[in-house]
Amino acid sequence: MMDYEVERCTRHCAGTGRQLQPGETFYSVLVPEGRQIRRLDYSAEAWQGPPPKAIAWWKSQVPGKSTSRIHWAPDEVLLDYFEQLETEPSEWDKRYILALLLLRRRIVRLEDSLRNDQGQEILLLACPRRQMEYRVLVVPPSSDRTLQIQEELMALLSSGRQGGTSPRRGEGPQEPPS
């Protein structure tokens with residue numbers, strides 16, 4: 001079993017060393033270092049894209065003193081939506097991103113990483129709550145698609161959303177497919 005602890009934002013740019021300011025856009029990247037995973041944060045001006053061996057990367061903003069925390073939908077709703085995406089190959093990149101969120105929130109645990117017959121990487125995730133094992137094809141989206149997925153997940157799965165409910169088992173996204 002592999003368990004990874006991902007550090008919180010250091011609020012310092014790994015490229016320049018300067019402190020990141022509240023409200024400032026920055027990029028985070030997870031890179032393997034031996035048997036550990038290291039998080040590096042970069043200011044927007046120092047960001048040159050993810051390194052070749054990056055496991056994941058994302059764009060964010062340094063929270064301000066008055067910035068409220070994102071409140072996600074209940075874990076069961078996140079898991080229901082994650083399971084639903086398995087049957088939609090056109091959404092596997094979204095499922096991969098959601099898997100990373102579930103890992104970050106410790107709803108699932110990374111058990112292993114393997115390759116299928118086509119050489120594609122597959123994450124083997126365990127969910128103690130449901131006593132389930134999930135196989136997630138690693139489908140890193142393009143940077144444009146990553147932002148689109150991030151916005152879709154925020155709209156669908158953050159509990160502070162206005163007008164509507166989060167998806168439940170058997171229901172798809174509340175917007176027409178694109």
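Parameters at a glance
- Residues numbered from 1 in each chain as written.
- Predicted model: local features only at pLDDT ≥ 70, side-chain atom pairs only at ≥ 80, totals over all residues.
- Heavy atoms only, no water.
- Salt bridge = Lys/Arg side-chain N within 4 Å of Asp/Glu carboxyl O.
- Helix = DSSP H or I, 4+ residues; strand = E, 2+ residues; numbered from the N terminus.
- Buried < 20%, exposed > 50% of the residue type's maximum accessible area, 1.4 Å probe, protein only.
- Pairing = 2+ DSSP bridges.

(A) Main features of the pattern of salt bridges. Counted according to the given criterion, the structure contains 17 salt bridges. Residue Asp93 pairs with Arg145 through a salt bridge whose shortest N-O separation is 2.8 Å. In this pair, Asp93 is assigned in helix α2 (residues 92-104) and Arg145 in helix α3 (residues 143-157), connecting sequence segments 52 residues apart. On the accessibility criterion, Arg145 (16% relative accessible area) is buried. Here the residues in one salt-bridge network are Asp75, Glu76, Asp80, Glu83, Arg105, Arg129 and Arg130, joined through shared partners.

(B) How the structure looks around unusual backbone geometry. Backbone geometry at Arg11 places phi at a positive 65°, although glycine is not the residue there. Here Arg11 is to be found in the segment before β1 (25-33). A positive phi angle, close to 60°, is found at Arg106, a residue other than glycine. Tracing the chain through its elements places Arg106 in the loop between α2 and β4 (109-115). Classification of Arg106 as exposed rests on a relative accessible area of 57%.

(C) Quick look at the pairing of strand β2 (residues 36-43). In terms of burial, β2 is a largely internal element, six of the eight residues being buried. Two strands pair when backbone bridges link them, and β1 and β2 are joined in this way by eight bridges, in the antiparallel orientation. Looking across to β2, one finds that Pro32 is bridged to Ile37. The turn linking β1 back onto β2 is made up of two residues, and Gly34 within it adopts a positive phi angle of 65°.

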